[in-house]
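Observations on the model geometry
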There are 2 protein chains.
Amino acid sequence: MSDPSLAHRPTLEAVAARAGVSRATASRVVNGSDGVRAPLAERVRRAVDELGYVPNQAARTLVTRRNDAVAVVVAEPETRFFSDPFLTQQVRGISKELTARDNQLVLLLTEGAADYERVGRYLAGGHVDGALLFSLHDDDTLPALARRAGVPTVIGGRPSWSDADTLYVDCDNRGGARDAVTYLLDGGRRRIGHIAGPLDQTASVDRLEGFRDALPGTDPRMIAEGDFTPEGGARAMAALLEHCPDLDAVFAASDVMASGALRVLRTRGIKVPEDIAVVGFDDIVSVAEWTDPPLTTIRQDIEEMGRMMARLLLRRVSPSAGDADGPALSSIITPTRLVVRASA
Amino acid sequence: MSDPSLAHRPTLEAVAARAGVSRATASRVVNGSDGVRAPLAERVRRAVDELGYVPNQAARTLVTRRNDAVAVVVAEPETRFFSDPFLTQQVRGISKELTARDNQLVLLLTEGAADYERVGRYLAGGHVDGALLFSLHDDDTLPALARRAGVPTVIGGRPSWSDADTLYVDCDNRGGARDAVTYLLDGGRRRIGHIAGPLDQTASVDRLEGFRDALPGTDPRMIAEGDFTPEGGARAMAALLEHCPDLDAVFAASDVMASGALRVLRTRGIKVPEDIAVVGFDDIVSVAEWTDPPLTTIRQDIEEMGRMMARLLLRRVSPSAGDADGPALSSIITPTRLVVRASA
DNA sequence: ATGAAAGCGCTAACAA
DNA sequence: TTGTTAGCGCTTTCAT
């Protein structure tokens, strides 16, 4: 009942036999280590082709203790993995980078604390060489788990604690927010409100900081907390409107919240950007380009952040490989950029 | 330079020694095979706990030829994996099912034909016990690749060819479309147009069929082809309006296209649903609940479809396991359901 | 530069 | 019921 084609799979032994060399030599050629004379190497390569040989990863892992696989762990998909293209895009970047370096991506989605034990076991099981952690809460135990398992780790988004050897990749949330508000100020806006994300996430806090950098001493009632959903954005917009009827601009901490805000403004017949200008954050294209009017926003290169995370992790996994292995590894803050559309 | 914690990892040998039994007995306990007397088993379990033993998967795979891992292969992410939460949701269902059966999910994203070779090698490499294939085009070579690699496969969405042992999971596209149109007819609509998806995808074709089932002999100009993007939906809507100014309803083959259509209608001051009723397809909640007005649509249980794919594949991988292994495996068509919101 | 041989940690016959 | 033993396919010293 076992699969015939698997049974057929040629081993290194077979390749060696066909090429008339020892298994050791065949192995050397397959792994590209030098010190095999050209003609021999050529014969081995031909044998590989003819037989359609593919190395058995399990056997290889058993001896090298290398998996060439990396886990992507997403804490609580319900939060964002669902509707937000954010993670999807990031995963795509990760996938590209991993692929380029012949690593595989093992996806671990968790539904809550109960799953953490399973993830911990998995990481401790040495199935992967490293882990990329996403969507952590404030006091998430996942990083500790990974550390205990002895698995090198890189975190997506600045964690709430800071710690010498915690590596993360995040965009310049604070600088981006500052740019957004500065742009509004340059456009002559004076009564600028802020729709913040949930303030137990660092991204929200950092964006709020940026807002304050540009607008120190803002009346707290000009700031409303949302939750990164359209509904939350709508509620926050309504609150803002109530507290400050003479508002002339809003900076929302995410495009998705901005879309909820725009909706409220439309419903009330408030013209955007004439009466109130709106700036978002993220540049989730499928959202920002399709709001009415299209959204001016702060762009972060999400896919690139994914790539960087993967690259960082891979260097952490095997410090020697790839790059000119000099500089110590450190966290990365990627730049943001204002994208002007119609809403501001 | 190798990770200390990995070096420390106890082997089965160590467990056996500590429990004072042979490696074979320890293995039996760990793998839950019966025939080990209770007290011995207990001692082994204690040793496992004390040592924090976790089986080495590579060693296990090497002998069992089982990976307990499944690949999810997505052809051309640019198409949908990007903005469409569809795949994300499906992956989530897959993940849940796989997790429940102690299997891992290896994600393989491809960017085009060049990547197929890599995927083929990977599948042929016996790294995974099976593969789930998504977003195939009409003449996609991926299934052939997987077959050649001898890897059991289940496809997401009805493939364009049909073939005794090609297993797939899809929703009842045709029936759902029929229901949508019937609902419009029951509501008294008489001039009903259709915004189709790209007709080189079976989902689009099937939905068009369903439309025709309910409305045989429809003037071809009442049907406009979109491409599953908002832009495409908008263009198709404009075309429809031009050809049939007296339109009183539209059935769009996806929520995303419907959102584009709604936008055009709003721009032209056409009231929805008063002047023109709109029904979508998919029930992507983050889209359908947030259009203006919220979208009446045909719901498919995307996550459940993911679960079913995983379940089907796992049964195909090891026919004996799990269920009361009687019935032959067959493709699955899941039901759809009308969800009434405000647009129709 | 090449080959022989010793395992990596585990499971599964086979013996006892 | 338990233990002994032979590999699974590969990499990697160590000889040659």
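These numbers were taken from a predicted model, which means no experiment stands behind them. (Residues numbered from 1 in each chain as written. Chains lettered and ligands numbered in written order. Predicted model: local features only at pLDDT ≥ 70, side-chain atom pairs only at ≥ 80, totals over all residues. Heavy atoms only, no water.)

**Notes on the protein's contact with DNA strand D**
Heads up, the condition is: By convention in this text, a residue qualifies as near a molecule or strand provided that one of its non-hydrogen atoms is within 4 Å of it. N or O atoms within 3.5 Å of each other form a polar contact, as long as, within protein, one can give a hydrogen and the other can take it, and as long as residues adjacent in sequence are counted only when both atoms are side-chain atoms. Secondary structure follows DSSP: runs of H or I at least 4 residues long count as helices, runs of E at least 2 residues long count as strands, and numbering of each begins at the N terminus. Here the term charged refers only to Asp, Glu, Lys and Arg, the term nonpolar to Ala, Val, Leu, Ile, Met, Phe, Trp, Tyr, Cys and Pro, and the term polar to all other amino acids, Gly among them.
Taken together, 28 residues are adjacent to DNA strand D, and L12 and Y53 of chain A together with R28, R37 and R65 of chain B come closest. Atoms of DNA strand D within 4 Å of the protein belong to the sugar or the phosphate in 64% of instances, the rest to bases. At 2.4 Å from a phosphate oxygen of DNA strand D is found a side-chain nitrogen or oxygen belonging to Y53 of chain A. At the level of secondary structure, the elements contributing two or more residues to the surface near DNA strand D comprise α3 (23-30) and α5 (57-64) of chain A together with α3 (23-30) and α5 (57-64) of chain B. Looking at the surface near DNA strand D, the element that brings in the most residues is α5 of chain A, giving five residues. Of the residues that constitute the surface near DNA strand D, the class distribution is 13 nonpolar, eight polar and seven charged.

**Re the relation of the copies chain A and chain B**
We count it as follows: The atoms used to superpose the copies are C-alpha atoms, taken from residues with pLDDT of at least 70 in both, and the fit is least squares. Every residue pair with non-hydrogen atoms within 4.5 Å of one another is taken to be in contact.
Mapping chain A onto chain B is achieved by rotating through 180 degrees and translating by 0.1 Å along the same axis, at an RMSD of 0.2 Å. This pairing of chains is accounted for by a two-fold axis. Counting the interface residues of chain A, we find that 100% of their copies in chain B are interface residues as well, pointing to one common contact surface.

**Some words on the domain arrangement of chain A**
Under the convention used in this document: Delimitation of the domains relies on an automatic or database domain assignment.
Considered domain by domain, chain A is made up of domain 1 (4-64), domain 2 (69-170 + 304-334) and domain 3 (173-301). Here domain 1 of chain A and domain 3 of chain A have C-alpha centroids that lie 59 Å from each other.

**Structural notes on the UniProt feature "domain: HTH lacI-type" (unreviewed entry) in chain A**
Using the following cut-off: UniProt positions are given in the numbering used here, feature names are shortened, and annotations may be inferred rather than shown by experiment.
Taken from the UniProt record, the annotation "domain: HTH lacI-type" (unreviewed entry) applies to residues 10-64 of chain A. With 69% helix and 0% strand, the stretch residues 10-64 of chain A has end C-alpha atoms that lie 21 Å from each other.

**What to know about the sheet that holds strand β10 (residues 296-300) of chain A**
One key point about sheets: their strands pair by backbone hydrogen bonds, in either a parallel or an antiparallel sense. Residues and elements named next belong to chain A. So the rule is basically this: Here, a strand pair is defined by DSSP locating no fewer than two bridges between the strands. Axis definition: a line fit to C-alpha positions, over the contact stretch in the case of helices; interaxial angles, taken between N-to-C directions, run 0 to 180 degrees.
The six strands lie next to each other as β7-β6-β8-β9-β10-β12, forming an open sheet whose pairing is mixed. Lying at the two open borders of the sheet, with one neighbouring strand each, are β7 (223-225) and β12 (336-339). Neighbour to neighbour, the strand axes of the sheet diverge by 20 degrees on average, direction disregarded. Direction of pairing for β10 relative to β12: antiparallel, over a ladder of four bridges. Across the sheet, residue T297 finds its bridge partner in β12, namely V339. Helix-sheet contacts for helix α9 (residues 173-186) involve β6 (192-196), β8 (249-252), β9 (277-282), β10 and β12, and the interaxial angle to β9 is about 165 degrees.

**Some remarks on the interface of chain A and chain B**
Rules: Buried area, as used here, totals the accessible surface that two parts lose on assembly, with accessibility defined by a 1.4 Å probe and the loss added over both. By salt bridge we mean one thing: a side-chain nitrogen of Lys or Arg within 4 Å of a carboxyl oxygen of Asp or Glu.
At the junction of the two partners, chain A supplies 55 residues and chain B supplies 57 residues. When chain A packs against chain B, the two sides together hide about 4,700 Å² of surface, and 60% of this comes from carbon and sulfur. Inspection of the chain A/chain B interface yields five salt bridges. With a shortest N-O distance of 3.3 Å, R266 of chain A and D292 of chain B are connected by a salt bridge. Where chain A packs against chain B, one counts 14 residue pairs in polar contact (both at pLDDT 80 or more). Only α5, α6 (85-100), β2 (104-109), α7 (113-124), α11 (230-243) and α12 (255-267) of chain A provide two or more residues apiece to the side of chain A that touches chain B. In terms of residue count, α6 of chain A provides more of the side of chain A that touches chain B than any other element does, eight residues in total. Relative to strand β2 (residues 104-109) of chain B, β2 of chain A runs antiparallel, the two being bridged by three bridges. From the neighbouring strand, L105 of chain A faces β2 of chain B, where its bridge partner is L107 of chain B.

**Comments concerning the pattern of salt bridges**
Residue and element names in this part refer to chain B. Worth spelling out the cut-off: The buried label applies to any residue whose accessible area, calculated with a 1.4 Å probe on protein chains only, is under 20% of its type's maximum; exposed applies above 50%, and partly exposed to all values in between.
Per the counting criterion, the structure on display carries 58 salt bridges over all chains. Salt-bridge contacts for E117 lead to R121; the nearest nitrogen and oxygen are separated by 3.2 Å. Here E117 pairs with R121, and both are found in helix α7 (residues 113-124), just four residues apart, close to one helical turn. Assessed through its relative accessible area of 55%, E117 is described here as exposed.

**Describing the protein's contact with DNA strand C**
Neighbouring DNA strand C are 28 residues; R28, R37 and R65 of chain A together with L12 and Y53 of chain B lie closest to it. Considering the 4 Å shell around the protein, atoms of DNA strand C inside it are sugar or phosphate in 68% of instances. Residue R28 of chain A places a side-chain N or O atom 2.6 Å away from a base oxygen belonging to DNA strand C. Those elements that place two or more of their residues in the surface near DNA strand C are α3 and α5 of chain A together with α3 and α5 of chain B. Here the surface near DNA strand C takes five residues from α5 of chain B, the largest share from any one element. Across the surface near DNA strand C, the residue classes tally to 13 nonpolar, eight polar and seven charged.

**With respect to unusual backbone geometry**
Backbone torsion omega between D292 of chain A and P293 of chain A reads 0 degrees, so that peptide bond is classified as cis. Mapping P293 of chain A onto the fold places it in the loop between α13 (285-288) and β10. A positive phi is found at S135 of chain A, a non-glycine position, where the angle reads about 55 degrees. Looking at the element boundaries, S135 of chain A is found in the loop between β3 (130-134) and α8 (142-148). Backbone geometry at D102 of chain B places phi at a positive 60 degrees, although glycine is not the residue there.

**Concerning a nonpolar patch on the surface**
The condition that has to hold: A patch consists of residues exposed above 30% relative accessible area that lack any salt bridge, with like charges linked at up to 9 Å and nonpolar side chains (Val, Leu, Ile, Met, Phe, Trp, Tyr) linked at up to 5 Å. Note on areas: these come from Shrake-Rupley sampling with a 1.4 Å probe, and a residue is covered only by the protein chains present in the view.
A grouping of L62 and V63 of chain A together with L62 and V63 of chain B is seen on the molecular surface, where their side chains present a nonpolar patch of about 350 Å² in accessible area. At the level of elements, α5 of chain A together with α5 of chain B are the ones that each hand at least two residues to the nonpolar patch. Topologically, V63 of chain B is positioned in helix α5. Judged by its relative accessible area of 62%, V63 of chain B falls in the exposed class.

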